[in-house]
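Spelled out from the first residue to the last, the chains are:
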Amino acid sequence: MDLTFSAEERAFEQEVRDFIVVNLTPEMKRATALTPSVFSDPDIGMAWQRALHKKGWGAPGWPVEYGGPDWTPAQRWIFEAECARAGVPNVNVMGVKMVGPVIIGFGSLEQRNFYLPRILSGEDYWCQGYSEPGSGSDLASLKTRAVRDGDDYIINGTKIWTTHAHHANRMFALVRTNETERQQDGISFILIDMKTPGITTRPILTIGGDHEVNQVFFDDVRVPVANRVGEEGKGWTYGKYLLEFERGSGIASAKLRDALKTVSSLAESDATGRAIGDPDIAVRMSEIEVDIDALEMTELRVLSALQTGQNPGAVSSLLKLRVSEIRQAVTRLGVDVIGNDRLYVEPMRPLYRLNEVPGIPEELLPVVPEYLNGRAYTIFGGSSEIQRDIVAKMVLGL
Amino acid sequence: MDLTFSAEERAFEQEVRDFIVVNLTPEMKRATALTPSVFSDPDIGMAWQRALHKKGWGAPGWPVEYGGPDWTPAQRWIFEAECARAGVPNVNVMGVKMVGPVIIGFGSLEQRNFYLPRILSGEDYWCQGYSEPGSGSDLASLKTRAVRDGDDYIINGTKIWTTHAHHANRMFALVRTNETERQQDGISFILIDMKTPGITTRPILTIGGDHEVNQVFFDDVRVPVANRVGEEGKGWTYGKYLLEFERGSGIASAKLRDALKTVSSLAESDATGRAIGDPDIAVRMSEIEVDIDALEMTELRVLSALQTGQNPGAVSSLLKLRVSEIRQAVTRLGVDVIGNDRLYVEPMRPLYRLNEVPGIPEELLPVVPEYLNGRAYTIFGGSSEIQRDIVAKMVLGL
Amino acid sequence: MDLTLSDEQRLLRESADRFVNETYTADHRRMIANDPLGFSMDIWKQFADLGWLALPIAEAHGGLGGGAIEIGILMEAFGRGLVTEPYLSTVVIGASLISACGTETQKQALLPKIADGSLILTFAHSERQARYDLAKVATTAKRTPDGWRIDGQKIAVLDGNAAGQIIVSAHIDGGKIGLFMVPQGAAGLTSRDFPRLGGGRACHLELRDVQLPADALLGDGSDALPALEVVVDRAMAALGAEAVGIMQTLLDQTLEYTKIRKQFGRPLSANQVIRHRLADMAMQCDEARSMALRAALMADAEPVARSRAASGAKAKIGKCARFVAEQSVQLHGAMGVTEELDIGSYFKRLLAFETLFGGSAHHYRRHAALGGRGVHV
Amino acid sequence: MDLTLSDEQRLLRESADRFVNETYTADHRRMIANDPLGFSMDIWKQFADLGWLALPIAEAHGGLGGGAIEIGILMEAFGRGLVTEPYLSTVVIGASLISACGTETQKQALLPKIADGSLILTFAHSERQARYDLAKVATTAKRTPDGWRIDGQKIAVLDGNAAGQIIVSAHIDGGKIGLFMVPQGAAGLTSRDFPRLGGGRACHLELRDVQLPADALLGDGSDALPALEVVVDRAMAALGAEAVGIMQTLLDQTLEYTKIRKQFGRPLSANQVIRHRLADMAMQCDEARSMALRAALMADAEPVARSRAASGAKAKIGKCARFVAEQSVQLHGAMGVTEELDIGSYFKRLLAFETLFGGSAHHYRRHAALGGRGVHV
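Residues numbered from 1 in each chain as written. Chains lettered and ligands numbered in written order. Predicted model: local features only at pLDDT ≥ 70, side-chain atom pairs only at ≥ 80, totals over all residues. Heavy atoms only, no water.

Describe the overall build of chain A, naming the residues involved and giving the relevant values.
Assigned secondary structure in chain A consists of 12 helices and 8 strands. For chain A, whose C-alpha radius of gyration is 22 Å, the value lies close to the compact-globule estimate of 21 Å for 398 residues. Projected onto its principal axes, the C-alpha positions of chain A cover 70 × 50 × 50 Å. Out of the 398 residues belonging to chain A, those deemed buried represent 60%. Contacts in chain A between residues at least 24 apart in sequence constitute 75% of all its contacts with a sequence separation of at least 6. (Helix = DSSP H or I, 4+ residues; strand = E, 2+ residues; numbered from the N terminus. Rg over C-alpha atoms; globule rule 2.2 N^0.38 Å. Buried < 20%, exposed > 50% of the residue type's maximum accessible area, 1.4 Å probe, protein only. Contact = heavy atoms within 4.5 Å.)

Structure, rendered in structure tokens:
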């Protein structure tokens, strides 16, 4: 047993670092630091995706035949850890990490040939049409309907909490193609061009003042049947495959460590009156650091299992729970570190377009919106209450 | 609005203090401090009850015609507060506070005439036969059966968690006299002489090593029907009346403050290496003190409502929850204050009979057993889980 | 011992509740959110007419001689309505500082104007370096032939742009703290006004070579710190009452929402975990209510008891408020983390005022230190 | 990067698990509870035969040269069995102190005896006034013509009466800490033996004018504090592994109980609140497991990283252990607060060792201080 990486792995680590040094511009870095929502805006995020793609690293999780880099689990770990440490943009995961694996796993040859290269290059920008008003964590109750009409489906209904729908040119969606006894059986997985007539998008501002999510309305939207992935009525299976993917986010500790480092730097700076001098702040910082240590160790245990070909299994729900809680603890520490400077509200977005900031150190600006938006960590992607239901059932067998 | 007591009330306060000075012997005080279970042993508790009775204060909550002192709510508050502050013995409540009110409210004239004076004087010592193995918080499912045979009931079954059954000469019990559709309807409230043939008692040691509770077995125990209180099958109603009484313990803040003071003194003494110098200990002590302040204020709000004839109502479940949690917080602070001295286990009981204590300051001895036994605060008398169910239903109307 | 409201207090509560219910609608909040002042001068005048601005001012200076309990009754209603009028700055803090420190001449000149609504005040004290240490003031006041010269920077000044005069704390010679009346628009005073988290406005101030007349100093030049502590203790009690109003609103709305919102075919409130969460929220609301009342009742007690009650209240209410606020958002699910529901505004107001004069950790330490527990504040 | 067990490690785990399952029954615990020694010398000999007593000792001194991972494997199994044999005192601490501080002669003389089971050791360090400050030792060692004279008091000495020799820490001239081998029964040594919370025995020691030969001092007289810190960091990792074994047992038993125990006509585990509680317990067990492993893997890292890993593990595992232990009792209801179930013994063992070498608050502070966060430990 040991924690050290092999010489080859350390060489790879150096390669990643070198890549980052060359490709991560100061503007991208600043923009990322000043983005209080989950994902970078496309101008930032896609610039990074293009650089990755050029290097052949555009889709670390994909099989080699579709353009994946054929990394070992350890290499993926190292890549993610170095990216987090350096503060690279948070590329919207809907393409590479969400719809990509589904198309690879269940799409037709034509779909694979058409969509996958466009995801890799960043030419297509995807959003996810799962949630609906009235069906949040209870996704199977979704009501958006796709009715067969010749070679098309005609879609009516609405999706909500759609991240970056206002930027995306494509959506993958779960829609109801059949009324069945078991709600799950009537759902299909469809790829939709966002420029199709009948689609409108309404912005929803988050509690932190960011425009990241939307409501999308479908009014007699005509989508070719050829855009369905896999079989009709099997969409739930494909969708759940994705949710599993989303929950087992795998390597979150490095990002959390980076987020804590940011708060820690603030606490040590004059911008907060050296908040670290407050023993409550100092001790909470250690508590969170230790929680991240524990999380990282669990992730490494999973990684080590993966390396020897074992399935980490239901542990992903455990990880999602802890990750969201630790993230919130970091943002909570943030607002306590900046003290009364929390009163300042900057309505302008994106923050990184601000040139001159009035009377407040720039690095304090994202702290309050991050805390506010961060309340969503325990809600989106399956609330913590639902996650604990799952842990009890799947992990503990209750 | 004001927090000060009237001149009459302050005079009463002085009277209580004077009474305590005269009647609370150093032996009683030491025995109480060295008792890590809920109630004082009868030799200590009943000595105090006799002193109270002599003064006419034996049953503060009873109507005047049965020997109550006719106090205002404020006077009851003052009395309880002064007793707690002085560290008087914890008289077993089963007589005066539990069965007494039921006999007063529902007992026959004969029962009132016979039992009430014996409770007041301490001649009778009562225990409560409610819980059974397999019916803890779900009391209505109790199985101990009383079958009518002429002028007697014949009782078979078992009761558990019976506090001081090994000291008591009488028990009040809930027993099943009928099989009914609704479990609650077949239950009767019966008074049992503990010397009746067929009763055996098995001690149950608490996790802290104390013999406070027991299991009691009934093997064809013959009890006169005349010992039933009120109507047959109405026992559930009388029993719940008592539970309400038990939950709305009313004036707990003074006792908690006294318990915290004890821990605080330990933390300031050399016996713990002045644990108060540990900022964690100091701040937790303030947190608990503030929790007690809040509790006290809520109790005073209830008291104030009572004084103007209002019914405090469902707030009693809220209070029971907080009281039990704060009590546990105090005992938890206690074991942290004494640090590694927690390793010492003293098996001898009662602790106050110890003459020479080996290598450990005497005042540290009850700390660990109090913490251990204190785990029961959130279990006995309706677990915190059940209490929260009740709050949700009764207080919040969910 | 009597904790029931007097007839006057009951009337005050009824009129405050009625006013808030009728005035502070969601429409009003939307309108005021874009207002450069952050509140309505029209409503401020109505506050004056209702006598609320005169409430804690002594009768000799045109006031009603009310106490902390009456302030608490108003503030709780203000919390329910998310009132943005500068009541805390002007009346709870401003008027109290003048009453505590001012000369008779200053009181006669200023207090009646507060009472009649013609003078809005604010208190510029917080500095970034000081965190929550009331005594730590880097702003300086130097004597000049004509009076005073003030230099320094202040952050998080509530309602600063609306104030006719700003009460600025500064170190004067000899290490004492003095309070100075700085008129809005004084030369050398730069204000950066911004919308405040949770509604209303605030600003950061820079004072560079601000020249003031000799009588700009409140009082006779003795150290203002003890008076500052009295007034801040009272302000914390008032903030506690406001928080209770907000928390109760959050609890009520969350109860309502979880009863109506259905998932998996049944209301959210059918889930035991959610029922228990709501029970805990209700409990913490009740504890916060008790602590706010306690701090108000102890506002005139001897200093250590008063300050421990105020710190205890600030600490405990802050802790309870964070729990209630975060859980309200959590139980509203995705809707809770948008600006589509009122819930977010209440959440933000609690967050905004949580560290005003120090957060929970600071005040638990102060409580411990004042209790002789040898902790450093 | 490989966190899978080697073949040898897997074999060790299997044999430890088997031994514990077969030996440490409830009957054994009842028997040992009344034993004046607190454990079985017979089992101790079996430990020797299995090679466990030689585990961390260098091969040059008759040991197997195992590391912190191997110790952790054993300790986790010992936790599951509530083993009371003096493994921590003798092997984890005693042998390591001798290895770290002793002269070659001392190592040759003592280590093989530990490995073959003929020498039981304990470490007498804790003093009431010092709380958890490792460097604070009031016990003194003064040079005499014949060697040393020791005076002082020690508390909470694990397995003190069973030990053939007691390693006593004392201040020697010049403010350095020295470690002295004090033989059981030395003149001037008074021991107060008592049953230890959670099983086994411990004692308080008084040393009054205890005369020792010159070679009773371990090593050459240089300050033993750095070695003490290494050994205590390792001991904390071992305690963490033991705690994990105990926590897992508590979780397993509680899962079992809540599935079987019925209330209101359905198993306790049907209640969502209880299901979520169990989920939290499982999560905390897993976190504790990760931290114990981490501390073991870092046991040979550079001092700051090693100590932060050890303190982080002690702090976090302590916090998780308290939660798991208290909730295990809570979910067992009334039965949980008696001595009728095993659950109470596991609960007490966790409580007993929680503050050994410092509790969670202490170690979070140490972690912060070592991280340059300017907190006082």
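Help me get a handle on the packing of helix α10 (residues 315-338) of chain A against helix α11 (residues 367-374) of chain A, residues and values and all.
Residue and element names in this part refer to chain A. As a packed pair, α10 and α11 sit with axes 9 Å apart at the nearest point and diverge in direction by 145°. For the pair α10 and α11, the crossing hand works out as left-handed. Across from Q328, T331, R332, G334, V335 and I338 in α10, the residues of α11 making contact are V367, V368, E370, Y371 and G374. Of the residues assigned to the contact of α10 with α11, the class counts are 5 nonpolar, 4 polar and 2 charged. (Axes fitted to C-alpha atoms, helices over the stretch in contact; angles between N-to-C directions. Left-handed = near helix turned anticlockwise from the far one by under 90°. Nonpolar A, V, L, I, M, F, W, Y, C, P; charged D, E, K, R; others polar.)

Describe the environment of I103 of chain B, with residues and values.
You can see I103 of chain B is positioned in helix α5 (residues 94-106). The contacts of I103 of chain B, once residues within four sequence positions are left out, are Q111, R112, Y115, L116 and L191 of chain B.

I'd love a proper account of the packing of aromatic side chains, names of residues and values included.
A complete count under the given rule lists 55 aromatic pairs over all chains for this structure. Judged by centre distance (5.7 Å) and plane angle (75°), the rings of W57 of chain B and F79 of chain B are edge-to-face. Placement of the pair is W57 of chain B in the loop between α3 (42-55) and α4 (73-86) and F79 of chain B in helix α4, with a sequence separation of 22 residues. On the accessibility criterion, F79 of chain B (5% relative accessible area) is buried. Members of the aromatic cluster, each reached through a chain of ring pairs, are F106, F114, Y115, W126, Y130, F172, F189 and Y238 of chain A. A cation over an aromatic ring shows up here: R148 of chain A above the ring of Y153 of chain A, its NZ or CZ 5.9 Å from the ring centre. (Phe/Tyr/Trp six-rings, centres within 6.5 Å; stacked < 30°, edge-to-face > 60°. Lys NZ or Arg CZ within 6 Å of the ring centre and 35° of its normal.)

I'd like to hear about the domain arrangement of chain C, residue by residue, with values.
All names here are of chain C. We note that the domain assignment places domain 1 (7-119), domain 2 (122-216) and domain 3 (225-369) within chain C. One C-alpha centre belongs to domain 1, the other to domain 3; they are set 22 Å apart. With 20 residues of domain 1 at the contact, the number on the domain 3 side is 24 residues. For the pairing of domain 1 and domain 3, the buried interface totals around 1,700 Å² over both sides, and the portion due to carbon and sulfur atoms is 72%. Contact with domain 3 buries surface across domain 1, with A68, E76 and L82 losing the most and accounting together for 28% of the total. (Domains from an automatic or database assignment. Buried area = accessible area lost by both parts, 1.4 Å probe.)

How would you summarise the interface of chain C and chain A if you had to cite specific residues and measurements?
Contact residues are listed per partner, giving 44 residues for chain C and 54 residues for chain A. Where chain C abuts chain A, roughly 4,000 Å² becomes buried across the two surfaces, and 55% of that area is made up of carbon and sulfur atoms. At the boundary of chain C and chain A, one finds 8 salt bridges. In this structure, the salt-bridge partner of D336 of chain A is R322 of chain C, at a minimum N-O distance of 3.0 Å. For the pair chain C and chain A, the interface holds 25 residue pairs in polar contact (both at pLDDT 80 or more). Contributions of two or more residues to the side of chain C that touches chain A are made by β3 (147-158), β6 (189-195), β8 (262-263), α8 (272-297), α9 (303-331), α10 (333-336), α11 (343-354) and α12 (360-370) of chain C. Looking at the side of chain C that touches chain A element by element, the count peaks at 6 residues for α11 of chain C. (Salt bridge = Lys/Arg side-chain N within 4 Å of Asp/Glu carboxyl O. Polar contact = N/O pair within 3.5 Å; in protein donor to acceptor, adjacent residues only side chain to side chain.)

Before we move on, can you summarise the interface of chain C and chain D with the specific residues and values?
Taken residue by residue, the interface counts 5 residues in chain C and 5 residues in chain D. Carbon and sulfur atoms supply 52% of the area that chain C and chain D bury against each other, a total of about 390 Å² over both sides. For the pair chain C and chain D, the number of links is 0 salt bridges. On the surface where chain C and chain D come into contact, there are 3 residue pairs in polar contact (both at pLDDT 80 or more).

Describe the nonpolar core, with residues and values.
Across soluble globular proteins, nonpolar side chains have a tendency to be buried as a group. Counting 244 residues, the largest nonpolar core has F47, Y87, I150, F180 and V182 of chain D as the members making the most contacts within it. Among the elements that take part in this core, helix α7 (residues 225-260) of chain D stands out by supplying 19 residues, more than any other. If we ignore the near neighbours within four places in the chain, the residues touching F47 of chain D are F19, Y24, W52, L53, F78, V83, E85 and Y87 of chain D. Among the nonpolar cores identified, the runner-up in size contains 243 residues, and I78 of chain B together with A124, A238 and A292 of chain C belong to it. (Core = buried A, V, L, I, M, F, W, Y, C linked by side-chain atoms within 4.5 Å.)

Run through the environment of L158 of chain C, naming residues and quoting values.
Tracing the backbone through its elements, the reader meets L158 of chain C in strand β3. Owing to a relative accessible area of 9%, L158 of chain C belongs among the buried residues under this scheme. It is 26 Å that separates the C-alpha atoms of L158 of chain C and P303 of chain C, two residues lying 145 residues apart in sequence. Excluding residues that lie within four positions of it along the chain, L158 of chain C makes contacts with L343 of chain A together with L88, S89, T122, R196, R201, A202, F353 and L356 of chain C.

Explain the relation of the copies chain C and chain D residue by residue, including any values.
Note on the identical chains: chain C maps onto chain D by a rotation of 180° and an axial translation of 0.0 Å, with an RMSD of 0.0 Å. Viewed as a symmetry operation, the transformation between the two copies matches a two-fold axis. In terms of proximity to the rotation axis, the leading residue of chain C is V273 of chain C, whose C-alpha is 2.5 Å off the axis. (Least-squares fit on C-alpha atoms with pLDDT ≥ 70 in both.)

Give a detailed account of the pattern of salt bridges, specifying residues and quantitative values.
In the structure shown here, the tally under the stated rule is 124 salt bridges over all chains. We note a salt bridge from R17 of chain A to E82 of chain A, for which the minimum N-O separation is 3.0 Å. Remark: E82 of chain A occurs in helix α4 (residues 73-86) and R17 of chain A occurs in helix α1 (residues 7-23); sequence separation between them is 65 residues. Relative accessible area serves as the criterion here: at 33%, R17 of chain A is assigned to the partly exposed category. Residues D300 of chain D and R234 of chain D are paired through a salt bridge, measuring 2.6 Å at the closest nitrogen-oxygen approach. Highlighted residues: D300 of chain D in the loop between α8 (272-297) and α9 (303-331) and R234 of chain D in helix α7, separated in sequence by 66 residues. Here the salt bridges do not stand alone but share partners, grouping D291, R322, E325 and R388 of chain A together with D280, E287 and K316 of chain D into one network.

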